[in-house]
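Architecture at a glance
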Amino acid sequence: MEQTRQEVSGAGADFDLGQFYQIFFEEASENLDLMEQMLLELDLRSANDEELNGIFRCAHSIKGGSATFGFADVAELTHQMESLLDRLRRHEVQAVAQMVDVLLESADAARHLLARHQAGGQGQAVSTTALLRRIADLAAGLLPDDAAAAASATAAAATPAPARAAPKALAPAFAGQARALEIRIGPLERPEQADAIRELFRDIPGLGSIRDLAGAPANARWFAVQTAASNEELLDLLAFHVAKEQVQLRDAAAAPVAPSAARQAPYEFFTGAPGAPPTAPVAPVPAPEAGAEIKADAEPKGAEPKAGAEPKAAAQAQVESTTIRVDVKKVDQLINLVGELVITQAMLAQNSRGLDASAYQQLLAGLADLDRNTRDLQESVMSIRMIPMSIVFNRFPRMLRDLANKLGKKVELVTLGEATELDKGLVEKIIDPLTHLVRNSCDHGIELPADRLAMGKPEQGTITLSAAHQGGSIVIEVRDDGRGLARGKILRKARERGLEVSEQMADADVWQLIFAPGFSTADQVTDVSGRGVGMDVVKRNIAALNGSVEVDSAEGYGMKVSVRLPLTLAIMDGMSVGVGEEVYILPLSCVVESFQVDTDAVSTVAQGSQLVKVRDEYMPVIALEKIFQVPRFDLDKSSCIMVVVEDDGSRVALLVDELLGQHQVVVKNLESNYRKVPNVSGATILGDGTVALILDTGGLVRRARH
């Protein structure tokens, strides 16, 4: 990275672009993501100018930033992408599927090259020679078959120029007649930009000659040139050093030629006779910051808005001006501090319970305000860490498109509930399980187009991703309208693997067999699936997040996988219960009800298991005293209260001594600080400083079930 910084800084040793590196890489990544999303949503049959302009602006922003920082390979690739997109938006070539393919592949290559630059040049650089050739052919209107014929006829035309470290490698062939032009550029950010423009004319064969003109303001440069290049070619070359908005071209003895119809007079000091000083100098327009996005279609101040322009741009500008980037570590530190504040507030609340309300009225009122403000603060801080599920869903259209093309299937992805928010820590951990579920639906679920038509289905299958809040949890569903699960085939495979199954098993129990390690119904192993190592990993990863997985299917109609997760793993509402001298915490989202029970209402069945009847329903009873071997110091005290908890669609009754209350608890990871404890998901610190275990209700339900 230091070597690159020196190359970029060059003569301007007092101006270090290194401070803008991180901003550039983040903005480039955002632009690549946005470009990919817009390409996937592009309707080739009726692509409108606004969509194509949006994709073009993304490529242009990346190209401008890459050239500024000296990343010539990225600049060259994005320049060729920009050329193809420019011809598309000018309707000079017809949009075809191959163009979307090559642009998506080019975005992947640009992402790889940028990651390599961000790592200081480590790793092997990806070759872009074939991509550049394909882009050039498509920009020339040649489809792959036509391009192959043209390459065999003229080998030189099909072989791209080797990548060089300077923008001059991108120079086109200049076939026009030489003419006299004036190039007026300003305001300049650095003096060396003018030197770089002069070097273009000296280094690129056939471009022409250049000399300085007098009369330019202090922050601008005027040049007289003789060139055979067109205005568009000149603007493309100059864009490596200055934004197009800073350039005006004019014939030596004619009116100015603006870069586009939307920019007739970018700066007032460009008016007047050629070579003459400006008639009305104005304050220079500030140059864009290094690493900032340079928009090719930016409007001059005071210009009339474009007809039919959507309010989306204004809304985006407002969002950009009201958001900041914050390191995740700072947010985590803030959440930890709020957690400590919650513990301190609980300690004060517990110690104040014995105070005389009349004597300490003001103190108790202040503690009540502290309780309310602490909860509001906790909710506000947690909302900072909550991010929309669209961050997860947006990565699947591209993956599904490539996989469907590989498998020869037609698949449409529908997303619902993208605005549903989830804790960032959970989002990072749920991506891999969801990726496998989506790939599984495409590979195993969706049939080939011919098979779907034979079954009376539309040839295009549908995979639906949805997210919604339910109580204190989020439910993410992956649905498809494919072939569904074959009950008979699953039972047959289970018997072959030695699993104990029967024809009388409920469907829900049969579907759970697909989560067994190594279980697969695929007839052959492919590079996509069939090894039986996916679904068990999915369930294990989700269980590690205190979540659950449910499967529903109808053979021939499709399959649905529901993933239920807590909204956050940092702070939660809990109910504290007492067993002997111990205190345990139950997640409040899992608690259904509590009631006092007589010992006569509890029935003992085979192997000592106990059942209790609640409104004509028998449910298993779990005595926490026996599970955790709690010692009894008060022999007269006994467990007579039952708390019904629900998880994974099943209910159990927990036998406890007393209900202590409901309050917020700060979740501490017990496994990282001690070790994994069965039936325990974490720990918390109570107001009196003691440690209470947070029970794993899912583990307790599974224990009762088996």
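Predicted model, so just to flag it, every value in this text is computed and none were measured. (Residues numbered from 1 in each chain as written. Predicted model: local features only at pLDDT ≥ 70, side-chain atom pairs only at ≥ 80, totals over all residues. Heavy atoms only, no water.)

Observations concerning helix α6 (residues 129–139)
Helical geometry: 3.6 residues make up each α-helical turn, so side chains three or four residues apart lie on a common side. The set of residues buried in α6 consists of Leu131, Leu132, Ile135, Asp137, Leu138 and Ala139. Of the residues flanking the end of α6, it is Gly141, one or two places downstream, whose phi is positive at about 85°. (Buried < 20%, exposed > 50% of the residue type's maximum accessible area, 1.4 Å probe, protein only. Helix = DSSP H or I, 4+ residues; strand = E, 2+ residues; numbered from the N terminus.)

A word on the sheet that holds strand β19 (residues 641–647)
Read across the sheet, six strands follow the order β15-β19-β20-β18-β17-β16 without closing on themselves; strand pairing throughout is mixed. Of all strands in the sheet, those bounded by a partner on one side alone are β15 (591–596) and β16 (602–604). Between one strand axis and the next, the sheet turns by 35° as a mean value, whatever way the strands run. Across the face of the sheet, helix α23 (residues 697–705) comes into contact with β18 (617–623), β19 and β20 (650–656) while running at roughly 100° to β20. (Pairing = 2+ DSSP bridges. Axes fitted to C-alpha atoms, helices over the stretch in contact; angles between N-to-C directions. Contact = heavy atoms within 4.5 Å.)

Remarks on the pairing of strand β14 (residues 582–587)
Direction of pairing for strand β13 (residues 571–579) relative to β14: antiparallel, over a ladder of six bridges. Each residue of the ladder has a partner; that of Ser576, found in β14, is Ile585. Following β13, the chain reverses through two residues before pairing antiparallel with β14; Gly580 in that reversal takes a positive phi of roughly 65°. Both β14 and strand β23 (residues 691–695) contribute to a ladder of two bridges, which runs parallel. The residue of β23 that forms the bridge with Tyr584 is Leu693.

Here's the deal with the packing of aromatic side chains
All chains considered together, the criterion is met by four aromatic pairs. With a centroid separation of 5.4 Å and 50° between ring planes, the pair formed by Phe24 and Phe25 is classed as tilted. Assessed through its relative accessible area of 3%, Phe24 is described here as buried. Judged by centre distance (5.8 Å) and plane angle (20°), the rings of Phe25 and Phe71 are stacked. Residue Phe25 is located in helix α2 (residues 21–41), and its partner Phe71 is located in the loop between α3 (49–69) and α4 (72–89); the two are separated by 46 residues in the primary sequence. Comparing Phe25 with Phe71 shows no difference in burial state: the two are buried. Within the aromatic cluster, the residues linked to one another by ring pairs are Phe24, Phe25 and Phe71. The ring of Phe56 has Arg89 lying over it, and the distance from NZ or CZ to the ring centre is 3.6 Å. The positively charged end of Arg184 is found above the aromatic ring belonging to Trp222, 3.7 Å away from the centroid. (Phe/Tyr/Trp six-rings, centres within 6.5 Å; stacked < 30°, edge-to-face > 60°. Lys NZ or Arg CZ within 6 Å of the ring centre and 35° of its normal.)

Some thoughts on the sheet that holds β13
What the five strands build is an open sheet, ordered β21-β13-β14-β23-β22; its pairing is mixed. Edge positions in the sheet fall to β21 (658–666) and β22 (680–685), since each of these pairs with one other strand and no more. Direction aside, neighbouring strands of the sheet carry axes that sit 35° apart on average. One ladder, built from five bridges, connects β22 with β23; its direction is antiparallel. Counterpart to Ile685 in the pairing with β23 is Val691. On top of the sheet, helix α12 (residues 328–351) reaches β13, β21 and β22; it is set at about 150° to β21, its chief contact.

Let's talk about the confidence of the model for the protein
Across the protein, pLDDT averages 75, with 78% of residues at or above 70. This stretch, residues 147–172, has a pLDDT under 50; its non-local contacts, to residues over four places away or in other chains, come to 27 contacts. Contacts of residues 254–321 to residues separated by more than four positions or lying in other chains number 102 contacts, the stretch itself having pLDDT below 50. (pLDDT = per-residue confidence, 0-100.)

A few points about the pattern of salt bridges
Within the structure shown, the criterion is met by 27 salt bridges. Among the ionic pairs, Arg57 bridges to Glu50, the shortest N-O distance being 3.7 Å. The exposure class of Arg57 is partly exposed, given its relative accessible area of 21%. On the basis of relative accessible area, Glu50 is assigned to the partly exposed category, the value being 43%. The closest approach of N and O atoms between Arg89 and Asp86, which form a salt bridge, is 2.9 Å. With a gap of three residues between them, Arg89 and Asp86 both fall in helix α4, about one helical turn apart. Several salt bridges converge on common partners, so that one network encompasses Asp33, Glu36, Asp108, Arg111, Arg398 and Asp402. (Salt bridge = Lys/Arg side-chain N within 4 Å of Asp/Glu carboxyl O.)

As for empty space enclosed by the protein
One pass over the full model with this rule turns up three cavities of 30 Å³ or more. Roughly 40 Å³ of internal volume is contained in the second largest cavity. For the second largest cavity, the full set of lining residues is Leu39, Leu42, Leu44, Leu52, Ile55, Leu85, Leu88, Ala95, Val96, Met99, Val100 and Leu103. Listed by contribution, the elements that provide at least two residues to the lining of the second largest cavity are α3, α4 and α5 (97–118). Looking at the lining of the second largest cavity, its residues break down into 12 nonpolar, no polar and no charged. (1 Å grid on protein atoms, 1.4 Å probe; cavity = no way out; pocket = protein on both sides within 12 Å on 5 of 7 lines; lining within 4 Å. Points joined across faces, edges and corners; volume = space filled by probe spheres on them. Nonpolar A, V, L, I, M, F, W, Y, C, P; charged D, E, K, R; others polar.)

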